[in-house]
Amino acid sequence: INNNSLITREPISRYTKISLILFIGKSKISDSASYIVFSEKSQKEFYAFRFDGNADKIHRLVLIKSTIKDTTLPSMAKWNFTITELASEAVDLPYDKKMDVKIETDEKKITLYVDGKKILKYKADERIDSGRIGFSNRNAQPRIYGVKVMNGKEVVFEDDFKEDSISRFIMKRKPAK
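Overview of the structure. Please read these numbers as outputs of a predicted model, since none were measured by experiment.

**Considerations on the pairing of strand β4 (residues 45–53)**
The two faces of the sheet receive side chains in turn, since in a regular strand these alternate between them. Counting buried residues in β4 gives 8 out of 9 residues, a clear majority hidden from the surface. Here strand β3 (residues 32–42) pairs with β4 via 8 bridges, running antiparallel. Across the sheet, the residue bridging to I36 is F49, located in β4. Taken together, β3 and the strand that follows it, β4, pair antiparallel across an intervening segment of 2 residues. Note that β4 and strand β5 (residues 58–68) share 8 bridges and pair antiparallel. By the bridge assignment, F49 is partnered in β5 with L63.

**Some details on the sheet that holds strand β9 (residues 117–123)**
On the basis of which strands lie adjacent, the open sheet formed by 6 strands has the order β9-β8-β7-β2-β11-β12 and antiparallel pairing. A strand with exactly one partner marks an edge of an open sheet, and here the two such strands are β9 and β12 (154–159). When strand polarity is set aside, the average angle formed by the axes of neighbouring strands in this sheet is 15°. Bridging between strand β11 (residues 141–151) and β12 involves 5 bridges; their strand directions are antiparallel. Residue pairing across strands places V147 opposite D159, the latter belonging to β12.

How each quantity is defined
For every chain, the first residue of the written sequence is number 1, and numbering continues from 1 onward in sequence order. A pLDDT threshold of at least 70 governs which residues receive local features in this predicted model, and a stricter bar of 80 or more applies before side-chain atom pairs are shown or counted, although totals over entire chains, interfaces and linings include all residues. With hydrogens and water excluded, all non-hydrogen atoms of the structure serve as input to the side-chain values. Buried residues are those whose accessible area, probed at 1.4 Å on protein chains only, stays under 20% of the maximum for their type, while exposed residues exceed 50% and partly exposed ones sit between those limits. Numbering of helices and strands starts at the N terminus; helices are DSSP runs of H or I of at least 4 residues and strands are runs of E of at least 2. Whether two strands pair depends on DSSP finding at least two bridges between them. Orientation is described by axes fitted as lines to C-alpha atoms, over the contacting stretch for helices, and by angles from 0 to 180 degrees between their N-to-C directions.

In short, shape yes, function no, at least from these values alone.
Set out below in structure tokens:
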């Protein structure tokens, strides 16, 4: 998770569904990626669905896992993580259109739906139905609406983005001497 990220302040103890409306505007740069992060334990330990875009469209959806390479190093050591692609699917999704996204979890199982269509299904080696959730991007222009996280029929997190329920950190460069 990088500087272009929003993440919940507190982890969510258990969830079975994450739903949201995702709008990805066309990038001015040919390659872009928008991420829906879940089961986040730390900045370098999480799962995410990545929406890969090129100059024309969103062309691939990927389930990724980020892990720490060397646990003996300090937690903020640079580049001390590995991103692994667990599953992917070619898609043909247009930019500049709202997408109804649903992620369903069942302990170690995860399923991604876009506009009601099942895109990816995966079984992990560990439970992935708890932790922080968030959003990140690279060279993309995402807009996120109506985030709702459910545990069965109980709403455990909901955000309309009218108040600060997502942590925000502003990184500033030191002026050159």
